[in-house]
Amino acid sequence: MNKPNPHLSGAVEAPMKLSTAPYISPEYARAEKNQLWLKTWQVACREEEIPQVGDFYTYEILDQSVIVLRLSEDEIVAYHNACRHRGRRLLQGCGRATHFQCPYHGWTYDLDGANTFILDKENWSGALDDAALRLKTVKTGRWGGFVFVNLDDDCGPLEDFLQEVPYWLGVFETGKMRYKWRQWLRMDCNWKVAVEAFIEGYHAETTHPQIAELGGGKTGSSAEGLHARLFQVGSAGGGIGTGVNEKDDIDVRNIPYLGLKQAQETIWSNTSETFVEAARRLPDLLPEGVDKMQVSMKLMEVACQLDAERGVKWPQVDPMHMAQVGINWHVFPNTVLLPNVTFCLGFRMRPDGFNPDSSIMEVFALERYPEGEEPETQWEHKPEQTGDSWPLLIKQDFRNLAEQQAGMHSVSLSDGLHPNPVQEASVINFQRNLADYMGEHAPELLEPGKG
Ligand code: FES
Ligand SMILES: [Fe+2]
C-alpha cells in the first residue's frame, strides 16, 4: 500500500530560493483561478455538515459557488450554484431543501438537478431542451469525513490525487470524529502565507517559545508527492501531542502531562480530556528511570483504557505507523491536518477574491466522542486576533502573517526568499507543485549563488 511517489520524496536535497511573486502578484492571483482552483481537488465541507438527505452546503472559491448536497443516505453530489435561466445564485449558506426554486423568476430544480418548472415555458415556442437545463454537476469525492470537489470535469479520481495521504492518515478514522469547535477569520496575507505558517516547524522556537520549554526539539519535513509531512526529530511514540521528548531538568514521566496540558490551554486541541488525565497518572504508574518510549507506550495504553470506559473506541494503529506518521500533513493545496487517534486539528485557507494580500482562514478541531455525545457546533466568525477569540498558539502564528505579507512587497526581495531545505522542505515542495499547476505563469525558482 505504501506506493512510491510520482513526484518527490523525502527531504528537498538542494537549498532553493523562492520568488515572492506567487504571494504578492495580482496577475498571479488571477492566474491561480484557471491553473489551480478550477483544476485541483479541494475540501468543500465535512460530511457531518450535511447529515440528512436534502442538506446542502454552499462552498465558495473565488467567484465560483458550488452546492454540495446529500442526495441520499450514501450519496453526496455537487452542482454549480447558478440558475440556468439568467444566472442568479440559487442558494446561500447551508440548510435543507426538497427542491431549489430560483428566487428571481421561479425556475425550479429537483435535488437531482433536473429542471422541473419554467414559468411560461410556451414563450420559448418549444425551443427549450429540458435535459440541457439541468444544473451542471461538479465532481465530488470523499475521504476521512471530508467532501472534496473538483471543478474540472476531466479531472482524475480523488484517490489518485491524495496519493499516500489515505495510507498515512486513514488509520485515524477522521470520518468518525466530529467538530469540537470551528472558527474563521479574514487575514491580511496571501492564502499560501497562511498555509505555510502551519506546515513547517522551523518557526516554533522563536514564535512559540513555550514549546521549547518542554524540550520541543527540532522538526523536519518531507515532500510526499503533492503533499508534505512535518515530523518531530528524536521524539518517541509519535503523532501530534503524544510524542515524548526529553528535557534535562524534567522527569520524563511528567513530560506528557506538561505537554498535553499546555496543548489543552494554548491550542484547545492536539489532545483530549482523556489524554490529559492519562498523562496525569503516569508518574504513579511508572517506575523512576523509564525511557521516553516506555512513557509513550504507557500513555497510549492508559488513554485507550480510559476512553474505552466512556464509550470511545480507538482505531487500531500499529506503533510503527504511529512513530512514522509525523505530526502534521499538508494536503495540497490548502488543507493542513494534525491527526491522532481521537482528535485532529485542521486548517483550510482560501483566497479572498483576487486580492493577493487577503485570505480566508478556517480552523477546526475534531474529536472522537461517545455515540450521541457529539457537541452541536457552528462556524463562528472570530475576526479579533487578540483577546480570547483564539488559542494562544494560533494567535502567536497570526502575529507573523500580515507582517510577512507586508515584508514580501519589499523590492529588496527581488532575488528571492531562502526557505530552510530541511525543516521547510514542505514549503519548497508546495511551491514546486504549485509551479507545476501554474505552468507558464510560474516564476522561476532560483538556486542560491545564481540569483
Ligand atoms: S435567473 Fe433564475 S429564474 Fe431567472
Ligand atoms: Fe506555529
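These lines cover the structure that appears in this document, whether it is placed above or below. Think of each chain on its own: its residues are numbered from 1, step by step along the sequence as written. Ligands are numbered from 1 and chains lettered from A, in the order in which they are written. With the structure being a predicted model, the display of local features is reserved for residues of pLDDT at least 70 and the display and counting of side-chain atom pairs for 80 or more, all residues being used for whole-chain, interface and lining totals. Calculated side-chain values reflect all of the structure's heavy atoms, with hydrogen atoms and water omitted.

A word on the overall build of the protein. Regarding its fold elements, the protein presents 13 helices and 19 strands. Atoms considered for the radius of gyration are the C-alpha atoms alone. The globule rule reads 2.2 Å times the number of residues to the power 0.38. By the compact-globule yardstick of 22 Å for 451 residues, the protein fits well, its C-alpha radius of gyration being 23 Å. Judged by the C-alpha coordinates and their principal axes, the protein covers about 90 × 60 × 45 Å. When each of the 451 residues of the protein is scored for burial, the buried share is 55%. Long-range contacts, defined as pairs at least 24 residues apart, comprise 70% of the intrachain contacts of the protein with a sequence gap of at least 6. For the protein, the exposed area adds up to about 20100 Å²; of that, 49% sits on carbon and sulfur atoms. Think of it this way: any DSSP run of H or I at least four residues long counts as a helix, any run of E at least two long counts as a strand, and we number them from the N terminus. Burial classes: relative accessible area under 20% of the type maximum marks a residue as buried, over 50% as exposed, and values in between as partly exposed (1.4 Å probe, protein chains only). Here, two residues are considered to be in contact whenever any of their heavy atoms come within 4.5 Å of each other. What sets the accessible areas is the Shrake-Rupley method with a 1.4 Å probe; for residues, cover comes only from the shown protein chains.

Of all the ten residues making up strand β17 (residues 343–352), ten are buried; the element is thus mostly covered by neighbouring parts of the structure. At least two bridges found by DSSP between two strands are what make those strands a pair. Sheet topology note: the strand β16 (residues 335–339)/β17 ladder contains five bridges and is antiparallel. Bridge pairing links Leu338 to Leu345 in β17. Between β16 and β17, which pair antiparallel one after the other, the connecting turn spans three residues. As paired elements, β17 and strand β18 (residues 355–367) share ten bridges and run antiparallel to each other. Within β18, the position partnered with Pro351 by the bridge is Ser359. A loop of two residues connects β17 with β18, the two strands running antiparallel in sequence, and Gly353 in this loop sits at a positive phi of about 65°.

A separate point is the pairing of strand β2 (residues 42–46). For β2, the tally of buried residues reaches five of five residues, placing the bulk of the element in the interior. In this structure, β2 lies alongside strand β11 (residues 146–150), joined through four bridges in antiparallel fashion. By the bridge assignment, Val43 is partnered in β11 with Phe148.

Turning next to the side chain of Glu424. Here Glu424 lies in the loop between α12 (392–408) and α13 (425–438). Counted as positive: Lys and Arg. Counted as negative: Asp and Glu. His and the chain ends are not counted at all. The term salt bridge refers to a side-chain nitrogen of Lys or Arg lying within 4 Å of a carboxyl oxygen of Asp or Glu. As a buried residue without a salt bridge, Glu424 has its nearest oppositely charged side chain in Lys218, at a separation of 12 Å.

As a further point, take the sheet that holds strand β8 (residues 108–110). In spatial order, the strands read β7-β8-β9; together these three strands make up an open sheet with antiparallel pairing. Each edge of the open sheet is held by one strand with a lone partner, namely β7 (99–101) and β9 (115–117). Taking the axes of each pair of neighbouring strands and ignoring which way they run, one obtains an average angle of 30° across the sheet. Relative to β9, β8 runs antiparallel, the two being bridged by two bridges. Across the sheet, residue Thr108 finds its bridge partner in β9, namely Phe117. Simply put, an axis is a line fit to the C-alpha atoms, just over the touching stretch for a helix, and the angle between two N-to-C directions goes from 0 to 180 degrees.

For the rest of this paragraph, the subject is the coordination of the iron ion (ligand 2). Excluding water, the donors of a metal are its N, O and S neighbours within 2.8 Å, or within 3.2 Å for Na, K and Ca, and that exclusion means sites may look incomplete. Looking at the metal site, the iron ion (ligand 2) is ligated by His203 (NE2), His208 (NE2), Asp397 (OD) and Asp397 (OD), spaced 2.1 to 2.7 Å from it. A four-donor site is classed as tetrahedral when every donor-metal-donor angle falls between 85 and 135 degrees; four donors are called square planar, and six octahedral, when trans pairs exceed 155 degrees and all remaining angles lie between 65 and 115, with any other arrangement labelled irregular. Coordination at the iron ion (ligand 2) is irregular, judged from the four donor atoms that bind it and the angles of 54 to 148° they form at the metal. In the primary sequence, the donor residues of the iron ion (ligand 2) line up as H-x4-H-x188-D. Look at His203 and you get buried, because its relative accessible area is 16%.

A cluster of acidic residues, Glu73, Asp74, Glu75 and Asp112, forms a negative patch on the protein surface. Within the secondary structure layout, Glu75 lies in the loop between β4 (64–70) and β5 (76–80). Assessed through its relative accessible area of 38%, Glu75 is described here as partly exposed. A residue counts toward a patch only above 30% relative accessible area and without a salt bridge, and it is joined to like-charged neighbours within 9 Å or, for Val, Leu, Ile, Met, Phe, Trp and Tyr, to nonpolar neighbours within 5 Å. To locate a charge, take atom NZ for lysine, CZ for arginine, CG for aspartate or CD for glutamate.

Tracing the backbone through its elements, the reader meets Ala114 in the loop between β8 and β9. Sequence separation between Ala114 and Leu133 is 19 residues, and the spatial gap between their C-alpha atoms is 7.3 Å. Setting aside residues no more than four positions away along its own chain, Ala114 makes contact with Thr108, Tyr109 and Arg134.

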